[in-house]
Amino acid sequence: MTESHFPYLRLRRTRSAGFIRNMVQENTLSAADFIWPLFVCDGSNKTDPIASMPGVSRHSIDQIVVQAKMAHQLGIPAIALFPKTPDSLKTADGREAVNDKNLVCEAVRAVKAACPDIGIVCDVALDPYTDHGHDGVLGDKGEILNDASVEILVEQARTLADAGCDIIAPSDMMDGRVLAIRDMLEASGYENVMIMSYAAKYASAFYGPFRDAVGAGRKLGGDGKKTYQMDPANSDEALREVGADIAEGADMVMVKPGMPYLDIIRRVTDSFNIPCFAYQVSGEYAMLNAAAEKGWLDREAVMHESLLAFKRAGAAGILTYFAAEMAEKLAR
Ligand code: PBG
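Since the structure is predicted, the reported quantities are computational estimates derived from the model, not experimental observations. (Residues numbered from 1 in each chain as written. Predicted model: local features only at pLDDT ≥ 70, side-chain atom pairs only at ≥ 80, totals over all residues. Heavy atoms only, no water.)

Q: Help me understand the overall build of the chain, please; the structure alone is not making it clear to me.
A: In terms of helices and strands, the chain carries 11 helices and 10 strands. Dimensions of the chain along its principal axes, counting C-alpha atoms only, are 70 × 45 × 40 Å. Within the span of the chain, comprising 332 residues, buried residues form 53% of the whole. Taking as baseline every contact in the chain between residues at least 6 positions apart, the subset at least 24 positions apart corresponds to 74%. Working note: accessible area of the chain is about 15,100 Å², and carbon and sulfur atoms make up 52% of it. On the chain, the mean spot of the 34 positive side-chain charges and the mean spot of the 46 negative ones are 8 Å from each other. (Helix = DSSP H or I, 4+ residues; strand = E, 2+ residues; numbered from the N terminus. Buried < 20%, exposed > 50% of the residue type's maximum accessible area, 1.4 Å probe, protein only. Contact = heavy atoms within 4.5 Å. Areas by Shrake-Rupley, 256 points an atom, 1.4 Å probe, with all protein chains shown as cover. Lys, Arg positive; Asp, Glu negative; His and termini not counted. Charge placed at Lys NZ, Arg CZ, Asp CG, Glu CD.)

Q: Can you help me understand the nonpolar core in this one?
A: Soluble globular proteins tend to pack their nonpolar side chains together in the buried interior. Membership of the largest hydrophobic core comes to 106 residues, with the highest contact counts inside it found for Phe39, Ile79 and Leu81. Among the elements that take part in this core, helix H4 (residues 146-163) stands out by supplying seven residues, more than any other. Ignoring anything within four residues of it in the chain, the contact list for Phe39 reads Ile50, Met53, Val56, Ser57, Arg58, His59, Ile64, Phe82, Phe210, Ala213, Val214 and Tyr321. (Core = buried A, V, L, I, M, F, W, Y, C linked by side-chain atoms within 4.5 Å.)

Q: When you look at helix H5 (residues 177-187) in this model, what are you seeing that I'm missing?
A: One turn of the α-helix equals 3.6 residues, which is why residues spaced by three or four share an orientation. Taken residue by residue, H5 has Arg177, Val178, Ile181, Arg182, Met184 and Leu185 as its buried positions. Buried residues of H5, seen end-on, are gathered within an arc of 160 degrees and therefore sit on one face of the element. Buried positions along H5 lie against strand E5 (119-124), H4, strand E6 (167-170), strand E7 (194-201) and helix H7 (236-248). Phi turns positive one or two residues past the end of H5, at Gly189, with a value near 80 degrees. (Arc of directions from axis to C-beta.)

Q: Could you clarify how one ought to interpret the site of the ligand in this entry?
A: Of all residues adjacent to the ligand, which total 19 residues, the nearest are Lys201, Arg211, Lys256, Ser282 and Tyr321. At 3.4 Å, a side-chain N or O of Asp127 approaches a nitrogen atom of the ligand. Side-chain polar atom of Ser282 to an oxygen atom of the ligand: 2.7 Å apart, as the coordinates give it. In isolation the ligand offers 400 Å² of accessible surface; the protein chains occlude 100% of this area. Secondary structure elements with two or more residues in the shell around the ligand: E7 and helix H6 (208-214). Of the residues in the shell around the ligand, the class split is nine nonpolar, three polar and seven charged. (Near = heavy atom within 4 Å. Polar contact = N/O pair within 3.5 Å; in protein donor to acceptor, adjacent residues only side chain to side chain. Nonpolar A, V, L, I, M, F, W, Y, C, P; charged D, E, K, R; others polar.)

Q: What is the right way to read the pattern of salt bridges from this model?
A: Two side chains with opposite charge may pair up if their charged atoms get near one another. Evaluated as defined, the whole model comprises 19 salt bridges. For the salt bridge of Arg158 with Glu155, the shortest nitrogen-to-oxygen distance reads 3.0 Å. Of this pair, Arg158 and Glu155 are both found in helix H4, three residues apart, which corresponds to roughly one turn of the helix. The exposure class of Arg158 is partly exposed, given its relative accessible area of 29%. The closest approach of N and O atoms between Glu325 and Arg299, which form a salt bridge, is 2.2 Å. Highlighted residues: Glu325 in helix H11 (residues 323-331) and Arg299 in helix H10 (residues 299-313), separated in sequence by 26 residues. Given the relative accessible area of 28%, Glu325 is considered partly exposed. We classify Arg299 as partly exposed; its relative accessible area is 24%. (Salt bridge = Lys/Arg side-chain N within 4 Å of Asp/Glu carboxyl O.)

Q: Would you explain the packing of aromatic side chains in this entry?
A: Ring pairs (aromatic) are described by centroid distance and by the angle formed between their planes. On inspection of all chains with the given rule, the structure shows nine aromatic pairs. Consider the rings of Tyr285 and Tyr321, whose centres lie 5.9 Å apart with planes at 65 degrees: the pair is edge-to-face. One end of the pair, Tyr285, is in helix H9 (residues 282-293); the other, Tyr321, is in the loop between strand E10 (317-320) and H11, with 36 residues separating them in the sequence. For the pair shown, Tyr285 and Tyr321 are each scored as buried. Each member of the aromatic cluster is reached from another via a ring pair, and the members are Phe39, Phe82, Tyr198, Phe210, Tyr279, Tyr285, Tyr321 and Phe322. (Phe/Tyr/Trp six-rings, centres within 6.5 Å; stacked < 30°, edge-to-face > 60°.)

Q: Would you mind going over the side chain of Glu96 with me for this structure?
A: Counting through the fold element by element, Glu96 comes out in the loop between strand E4 (78-83) and helix H3 (103-114). Put simply, Glu96 is tucked away with no salt bridge, and the nearest opposite charge, on Arg95, sits 7.9 Å away. Residue contacts for Glu96: discarding those within four places in its chain leaves Thr85, Leu89, Asn102 and Tyr129.

Q: I tried to follow the pairing of E10 on my own but got confused; where do I start?
A: If a strand is regular, its side chains alternate between the two faces of the sheet. With burial as the criterion, each face of E10 is covered, one bearing Gly317 and Leu319 and the other bearing Ile318 and Thr320. Two strands pair when backbone bridges link them, and strand E1 (residues 34-40) and E10 are joined in this way by two bridges, in the parallel orientation. Bridging across to E10, Ile35 finds its partner in Leu319. Of the pairings in the sheet, the one linking strand E9 (residues 276-280) to E10 comprises four bridges and is parallel in character. Paired with Tyr279 across the strands is Leu319, a residue of E10. (Pairing = 2+ DSSP bridges.)

Q: What am I meant to see in the environment of Ala161 here?
A: Assignment of secondary structure puts Ala161 in helix H4. The class for Ala161 is buried, based on a relative accessible area of 5%. Spatially, the C-alpha atom of Ala161 lies 33 Å from that of Lys141, the residues being 20 residues apart in sequence. If near-sequence neighbours (up to four positions away) are discounted, Ala161 is found in contact with Ile168, Leu185, Tyr190 and Val193.

Structure representation (structure tokens):
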């Protein structure tokens, strides 16, 4: 191949006006790219702002329904629901996770009744329900037990599918959980319930504000979640995680956090033919907002640029707290 060179090659020609920049744009954003995470709290007609996530609140179920309808109108295909479980219901074994009348199940039913066409994604992990804040259950020495956790997580997934959840999203990082959940779904007549596995989920400090939002895990001692979530130093291992989850029956995979891990999204999408989603997590949202509040960054511009970067990296879609705002802006 002969490469043309200066002056025949002038890359600035196709940047010289808006119309041509639009014509040669390689990636675009649309509302259909977003999954909107929402936090559910108890009570009614309640909107409870989360200090470390400016613009994001916990909503009681009646208000979650309002948010879901708004998301649907904006063209956002799915929401992800996360409960803030009252402390009085938290136990060492996280058994509130399998209560079919828990906050998240009631929210799923209410949204499905009022807005049947929006997709609902629910986390499978015990951290909103355990008094210690881990995603699984503990052994005698405080270690996180893999197989015993998987047993409970399967029951949690069943409870969510029973409530009407469309996409089960295991975020617990136990080994073998996708296979166990898939087996349960097949055996229970839920062959169309999807699994979006948090396949490459890193032990990240960027989850801090989320842990405030659901009131779990800020106080984890010792190794924190490092014995199950991935080491931020690793990248080959992410491909092994993704390969395992696909083999176990995942329909979609996720990389999390987002912006600091764009290289992982690119490697996953280059290596596998499966939709790969990115989670722009709470700490990323907090960081961009804090700088914007100080006047150091242009909020709308960094929101757009950061989300477009996920598409460029190969993501099929993005879980982002900016979803509604960005969708509104795109519709203007
Ligand atoms: C629960 C879970 C977490 C997030 C999503 N699901 C926190 C964690 O693993 O500690 C983080 C999302 C965010 O920070 O926005 N397992």
